[in-house]
Amino acid sequence: NAGVTQTPKFQVLKTGQSMTLQCAQDMNHNSMYWYRQDPGMGLRLIYYSASEGTTDKGEVPNGYNVSRLNKREFSLRLESAAPSQTSVYFCATGQNGELFFGEGSRLTVL
Amino acid sequence: GESVGLHLPTLSVQEGDNSIINCAYSNSASDYFIWYKQESGKGPQFIIDIRSNMDKRQGQRVTVLLNKTVKHLSLQIAATQPGDSAVYFCAERAGANNLFFGTGTRLTVIP
């Protein structure tokens, strides 16, 4: 029972490159989330998915797209990476308010 | 917009002492609050939660206090241990699917 699994853990991109962060959960929760964490700013919600087949924007969705592939998987895509997207990205799942987070994916955009 | 803040960005305590971490929030419509602990290189981990119809909730060595009058939340850790060293975040929920997180307080426990 792994909980929430994110890949990759580390990635370095050049400006303009694209990439997808993968997330899978084995907790059978309906809701899944993508957050970014920047120094001094806490965690900010990028996108969330309340259930399979639905996605909604969070606080900071610009520059990102998401796909809720099935109940287990929720991916985050950067189509054209920018240095401002250098951050640590966390996937989470939960119900009734309590969230369970993955270990994070550290992305650097040069 | 939402505002979830912490009074102290860092806190150092002696092992065995009690710790108090404070958090202010601004949205009076928030109905649910959570404290998370984040150790270096890991994702946040749930510690304790409290609903807006309560003013106190206790867990194992932790207590959360909610003062809705002044929109203040605190986390008390009893008999602080070195393993408690981490960054602590408060979060508030004002809608069905979004938690707003504070900027965090770094707790350092001095052996």
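Scroll up to find the structure.
Small disclaimer: the values here were computed from a predicted structure and weren't measured.

Residue and element names in this part refer to chain A. Among the secondary structure elements, arginine 36 is positioned in strand S4 (residues 31-37). Polar side-chain contacts of arginine 36 include one of 2.9 Å to the side chain of aspartate 38. A polar atom in the side chain of arginine 36 sits 2.8 Å from the backbone oxygen of serine 84. Beyond its immediate chain neighbours, meaning those up to four positions away, arginine 36 contacts Gly42, Leu43, Arg44, Ile46, Val60, Tyr64, Ser84, Gln85, Thr86, Ser87, Val88 and Tyr89.

Glancing now at unusual backbone geometry. As a rule of thumb, non-glycine residues mostly have phi less than zero, and peptide bonds are mostly trans rather than cis. The omega torsion across Thr7(A) and Pro8(A) is -5°, close enough to zero to call that bond cis. Positionally, Pro8(A) belongs in the loop between strand S1 (4-7) and strand S2 (10-13). You will see that Asn28(A), though not glycine, has its phi angle at about 60°, which is positive. Along the chain, the position of Asn28(A) falls in the loop between strand S3 (19-25) and S4. You can call Asn28(A) exposed: its relative accessible area is 56%. Phi at Ala79(B) takes a positive value of approximately 50°, unusual for a residue other than glycine.

Take the pattern of salt bridges next. Residues and elements named next belong to chain A. The tally for this structure, following the rule as stated, stands at 6 salt bridges over all chains. For glutamate 79, the salt bridge identified is with arginine 77, shortest N-O distance 3.1 Å. The exposure class of glutamate 79 is partly exposed, given its relative accessible area of 44%.

Residues and elements named next belong to chain A. Inspection of the secondary structure assignment puts serine 87 in strand S9 (residues 87-95). In sequence terms serine 87 and glycine 53 are 34 residues apart; their C-alpha atoms lie 27 Å from each other. With near-sequence residues (within four places) excluded, serine 87 lies in contact with Arg36, Gln37, Asp38, Ser105, Arg106 and Leu107. Of the polar contacts made by the side chain of serine 87, one reaches the backbone oxygen of glutamine 37; its length is 3.0 Å.

With that settled, consider the packing of aromatic side chains. By the definition in use, this model includes 11 aromatic pairs over all chains. An angle of 65° between the planes, with centres 5.9 Å apart, marks the rings of Tyr64(A) and Tyr89(A) as edge-to-face. Here Tyr64(A) is found in the loop between strand S6 (56-57) and strand S7 (65-68), whereas its partner Tyr89(A) is found in strand S9, with 25 residues between them in sequence. By the burial criterion, Tyr64(A) is buried, and Tyr89(A) matches it. Grouped by ring-pair contacts, the aromatic residues Tyr33(A), Tyr35(A), Tyr48(A), Phe90(A), Phe101(A), Tyr36(B), Phe46(B) and Phe101(B) constitute a single cluster.

Calculation notes
Residues numbered from 1 in each chain as written. Chains lettered and ligands numbered in written order. Predicted model: local features only at pLDDT ≥ 70, side-chain atom pairs only at ≥ 80, totals over all residues. Heavy atoms only, no water. Helix = DSSP H or I, 4+ residues; strand = E, 2+ residues; numbered from the N terminus. Polar contact = N/O pair within 3.5 Å; in protein donor to acceptor, adjacent residues only side chain to side chain. Contact = heavy atoms within 4.5 Å. Buried < 20%, exposed > 50% of the residue type's maximum accessible area, 1.4 Å probe, protein only. Salt bridge = Lys/Arg side-chain N within 4 Å of Asp/Glu carboxyl O. Phe/Tyr/Trp six-rings, centres within 6.5 Å; stacked < 30°, edge-to-face > 60°.

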